[in-house]
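Structure assessment
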Amino acid sequence: MTAVLEVRDLRTEFNTRAGVIRAVDGVSFTLNRGEILGLVGESGSGKSVTGFSLLGLVDQPGRISGGSIRLNGTELVGLPESELRDRRGREIAMIFQDPIATLNPLLTIRKQMMMAVAAHSRMTAKAAEARCIEVLQRVGIPDPVARIKGYPHEFSGGMRQRVAIAIALLHDPAVIVADEPTTALDVSIQAQILHEMRSLAAETGTAMIWISHDLATVSSLAKRLLVMYAGKVVEEGATATVLRDPRHPYTRGLITSLPAIASPGEDLLQIPGTTPSFLSLPPGCPFAPRCDFVESSCEKMPEITLENERMWRCHHPLGLSGAER
Amino acid sequence: MTAFFRIDQVSRAFAPEITLGDRIAAKLGAQVETRSLQAVNAVTLELAKGETLGLVGESGCGKSTLGRVAAGILPPSSGTVALEGKPVLINGHKATTRIQTVFQDPFASLDPRMKVGETVAEGPIAHNLVSRTKSGGYVAEWFSRVGLDPSFAGRYPHQFSGGQRQRIAIARALAMKPDLLICDEPVASLDVSIQAQILNLFLQLRRELNLTCLFISHDLSVVRHVSDRMAVMYLGRVVEEGGADQVFDRPAHPYTKALLASVPKLTLDDEALVHFEPIEGEIPSPLSPPSGCHFSPRCAFAEERCRKDLPELREVEDRRFSACHFAEVLVG
Ligand SMILES: Nc1ncnc2c1ncn2[C@@H]1O[C@H](COP(=O)(O)OP(=O)(O)OP(=O)(O)O)[C@@H](O)[C@H]1O
Ligand SMILES: Nc1ncnc2c1ncn2[C@@H]1O[C@H](COP(=O)(O)OP(=O)(O)O)[C@@H](O)[C@H]1O
Ligand code: SF4
Ligand code: SF4
Ligand SMILES: [Mg+2]
Ligand SMILES: [Mg+2]
């Protein structure tokens, strides 16, 4: 397996008047060719900022304050904006939750796609248009030759998201970061897009980071899973293994909170409390105020444990030592 | 026997939105869309006392419109809504306080300039459920019942998290002592862990107060979790209704079947990465629904007849309804 993206100890912070927000706080992972990696966590855990950081899209008052991002062997942290811009869209692309934000309402789809082609390659207009139509077809836009002449508002939400995906595919990027791309869509449309993304990754070798708050969606797509809490990855491993046998109490709480796991009408095993503010994190483990297994040792920040291709950050991991809890 | 709550042949149309551009185009002699949009079409539903009916369907199918009509907030174009035989709307105005609502966005439904305690007390005082002098204690009681510290009553909505605001909205609705609670996507904008807390609270209060509920959600697993019965809507019509377990385990309509199959399942199996099956095609515009069965362009079971005859919702088994010509084959 060849690694296309290697992220080590990535740190991104926002310097706000109220204090420093460490939205990404020591995130590490490796993404292989054709692999779909799931990144889950609740709102505010740092998923989107992680995605933006990978594309060098963190603006003031934010900055990448440390760590390394190697894309196809090239270090991106510290590269000048001009070089990042050259790679963005060509080697690494991003899809957002709201396709409206990506598409310009005043321009036809054709115009926007032609501009995206011209940003990174020199082709005749004819070849460029053929490429646009090819990717539109690839993502399931019916009758792309006619539809490419339309404006974004003439497309449904699902179709707009397909166009955004098509634009991301134009230059065959090595990596696509997809930030909640189906969250705003209906179930039946979401299923179509998930289906297409899965075959895309398999057929083109494009690797994906699939960001979502929905464990079920991620589990149907990603073989590996990262769980984020308060800017840190608290658990990583093969998706099915992590879901079946979580090590981190937060991962377990996320799973048992799902009504799909419980019997109808039965109380859900909930996580007490609310997600913490980055500005008032407890010392030590950030999950401690909500954790059923907290002990005095949790006042120290748990280090990373690596074992059997799994990772967790907890002083008292679940499912080990036979002592069932 | 009259049902505890009955929605009878309710339809609701909306006039087309006519923009300035349309008006100019019309002046110039162009054809402008004047058909009205049929958001809800001849829907009949019944709830027995203490029962929760889940209402599911994809965006724009008419769930919220039906919910608002059922709550007496929006008059229907035709049809009636009655609680224990008494009409909910009289002369276009809501004629009962026995029905209360909880909506998706608690922020939009709470007055930002009012202390949350006053928001909760307002209705009960206006309807003489409690005197102004005793309202402080009454509010405190409801705050503790929904899991909020009663000392928070003096705060404003922006000082609360999304989950807490939803607790306040629930307290406000229940402080009116309703017999029927209509919830429209009450957990849709909440994080998973907070959603679980609110669902648990809902189940607990429903038990304690013996509430009857209409629970609207696009999330099938949430609906299954809380509902006794369930209705599925597609393009303004109820296409299937029945016991929640029956509908989930043995759907009697191809749309229900396809919808259930298209939801990704949480899988614990390493290899089987196929746990959903997409439905083909887009949801048609409610301005020009397909002829015959509205689901026919996307239906794997469609036959010639489906494109001509609109199937009526009919009882295919005891208290089990489907609007498919071939429902018997599906459940059979
Ligand atoms: N005030 C209105 N004026 C015009 N059309 C409306 C109005 N309210 C709703 N509609 C239309 O009626 C149809 C049903 O809308 P409704 O809000 O009931 O759907 P819904 O099932 O609740 O969808 P969602 O899951 O997105 O909340 C839609 O096509 C909608 O655009
Ligand atoms: N431009 C910004 N300025 C200050 N804080 C920010 C900014 N962008 C994001 N954050 C903070 O970073 C944290 C992580 O945010 P985000 O990555 O968007 O979360 P997620 O995508 O997991 O919901 C949040 O606390 C958020 O408020
Ligand atoms: S380190 Fe301690 S507080 Fe943190 S998750 Fe593990 S057991 Fe809970
Ligand atoms: S009536 Fe025909 S088209 Fe409609 S759901 Fe049944 S089989 Fe499908
Ligand atoms: Mg985000
Ligand atoms: Mg709605």
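Residues numbered from 1 in each chain as written. Chains lettered and ligands numbered in written order. Predicted model: local features only at pLDDT ≥ 70, side-chain atom pairs only at ≥ 80, totals over all residues.

So, about the overall build of chain B. Tallying secondary structure elements over chain B gives eleven helices and 14 strands in all. What you see for chain B is a C-alpha radius of gyration of 22 Å, in line with the 20 Å of a compact globule of 332 residues. Along the longest, intermediate and shortest principal axes, the C-alpha atoms of chain B span 70 × 65 × 45 Å. The proportion of buried residues among the 332 residues of chain B is 45%. Sequence separation of 24 or more characterises 63% of the internal contacts of chain B that already satisfy a separation of 6 or more. (Helix = DSSP H or I, 4+ residues; strand = E, 2+ residues; numbered from the N terminus. Rg over C-alpha atoms; globule rule 2.2 N^0.38 Å. Buried ≥ 20, exposed ≤ 12 C-beta atoms within 10 Å, placed from the backbone. Contact = placed C-beta atoms within 7 Å.)

This paragraph deals with helix α8 (residues 187-204) of chain A. Side chains that are three or four residues apart share a direction in an α-helix, a result of its 3.6 residues per turn. Relative to the 26 Å expected for 18 residues at 1.5 Å per residue, α8 of chain A spans 25 Å between its end C-alpha atoms, a close match to the ideal helical length. Among all positions in α8 of chain A, only Val187, Ser188, Ile189, Gln190, Ala191, Gln192, Ile193, Leu194, Met197 and Ala201 of chain A are buried. Here the buried face of α8 of chain A lies against β3 (36-40), α7 (157-169), β8 (207-212) and α9 (215-219) of chain A together with α10 (254-262) of chain B. Once α8 of chain A ends, the next one or two residues include Gly205 of chain A, with phi positive near 80°. (Expected span 1.5 Å × (residues − 1).)

Attention shifts here to the site of ligand 3. Surveying the vicinity of ligand 3 reveals 13 residues, the closest of which are Cys285, Ala288, Cys291, Cys298 and Cys314 of chain A. Across the shell around ligand 3, the residue classes break down as ten nonpolar, three polar and no charged. (Near = placed C-beta within 6 Å. Nonpolar A, V, L, I, M, F, W, Y, C, P; charged D, E, K, R; others polar.)

A few words on unusual backbone geometry. Each neighbour pair has its own omega, and for Gln60 of chain A with Pro61 of chain A the value is 0°, a cis peptide bond. Assignment of secondary structure puts Pro61 of chain A in the loop between α1 (47-54) and β4 (62-71). The backbone phi angle of Asn72 of chain A is positive, close to 50°, even though this residue is not glycine. Examined against the element boundaries, Asn72 of chain A turns out to sit in the loop between β4 and β5 (74-75). Here Glu84 of chain B, not a glycine, exhibits a phi torsion of approximately 45°, which is positive. Summarising the element assignment, Glu84 of chain B is placed in the loop between β4 (78-83) and β5 (86-87).

Attention now goes to the pairing of β8 of chain A. Residue and element names in this part refer to chain A. In terms of residue burial, β8 counts as a mostly covered element, since six of its six residues are buried. A two-sided burial pattern is seen for β8, the buried positions comprising Ala207, Ile209 and Ile211 on one face and Met208, Trp210 and Ser212 on the other. In this sheet, β8 lies alongside β3 in parallel orientation, the contact comprising five bridges. The partner of Leu37 across the bridge, within β8, is Ile209. Looking at chain direction, strand β7 (residues 175-179) and β8 are connected through five bridges and run parallel. Pairing of Ile176 across the sheet is with Met208, part of β8. You can see the chain leave β7, run along α8 and come back into β8, and the turn it takes is right-handed. (Pairing = 2+ DSSP bridges. Right-handed = clockwise from strand over helix to strand, strands pointing away.)

Let us look at the sheet that holds β5 of chain A. All names here are of chain A. On the basis of which strands lie adjacent, the open sheet formed by four strands has the order β2-β1-β4-β5 and antiparallel pairing. Only two strands of the sheet have a single neighbouring strand rather than two, namely β2 (19-32) and β5. When strand β1 (residues 3-16) meets β4, the two strands line up antiparallel, connected through eight bridges. Paired with Leu5 across the strands is Leu71, a residue of β4. Relative to β2, α1 is tilted by about 65°, and along the sheet it contacts β1, β2 and β4. (Axes fitted to C-alpha atoms, helices over the stretch in contact; angles between N-to-C directions.)

Here the focus is the domain arrangement of chain A. Residue and element names in this part refer to chain A. When its domains are assigned, chain A resolves into domain 1 (3-91 + 174-312) and domain 2 (103-170). Put simply, the middle of domain 1 and the middle of domain 2, counted by C-alpha atoms, are 29 Å apart. In this assembly, ten residues from domain 1 lie in contact with ten residues from domain 2. No other element matches the four residues that α8 contributes to the side of domain 1 that touches domain 2. (Domains from an automatic or database assignment.)

The next thing to look at is the nonpolar core. Residues and elements named next belong to chain A. In this structure, Val175 and Trp210 are the most contacted members of the largest nonpolar core, which totals 178 residues. A total of eight residues in this core trace back to one element, the largest contributor, which is α7. When neighbours within four sequence positions are excluded, Trp210 is seen to be in contact with Ile36, Leu37, Gly38, Leu39, Ala178, Val218, Leu221 and Ala222. (Core = buried A, V, L, I, M, F, W, Y, C linked by C-beta atoms within 7 Å.)

Turning our attention to the interface of chain B and chain A. The interface of chain B with chain A comprises 36 residues on the first partner and 37 residues on the second. Considering every element that reaches the side of chain B that touches chain A, the biggest residue donor is helix α7 (residues 192-209) of chain B, with nine residues. For the side of chain B that touches chain A, a count of residues per class yields 17 nonpolar, twelve polar and seven charged.

Moving on, we get to the sheet that holds strand β3 (residues 52-56) of chain B. Residues and elements named next belong to chain B. As summarised here, the arrangement of the eight strands in space is β8-β9-β10-β3-β11-β12-β14-β13, forming an open sheet in which the pairing is mixed. Every other strand in the sheet has two partners, leaving β8 (99-103) and β13 (314-317) as the edge strands with one partner each. In this sheet, adjacent strand axes meet at a mean angle of 25° when their direction is disregarded. Relative to strand β10 (residues 212-216), β3 runs parallel, the two sharing four bridges. Bridge pairing in β10 links Gly54 to Phe215.

As a further point, take the environment of Pro105 of chain A. Residues and elements named next belong to chain A. Along the chain, Pro105 falls in the loop between α3 (99-102) and α4 (109-120). Since 8 C-beta atoms lie within 10 Å of it, Pro105 is described here as exposed. Along the primary structure Pro105 and Leu221 are separated by 116 residues, whereas in three dimensions their C-alpha atoms are 31 Å apart. Apart from the residues lying within four places of it in its own chain, the contact partners of Pro105 are Tyr151, Pro152 and His153.

On to the site of ligand 4. Taken together, 13 residues surround ligand 4, and among them Cys293, Ser296, Cys299, Cys306 and Cys324 of chain B come closest. Along the lines of polarity and charge, the residues of the shell around ligand 4 split into ten nonpolar, three polar and no charged.

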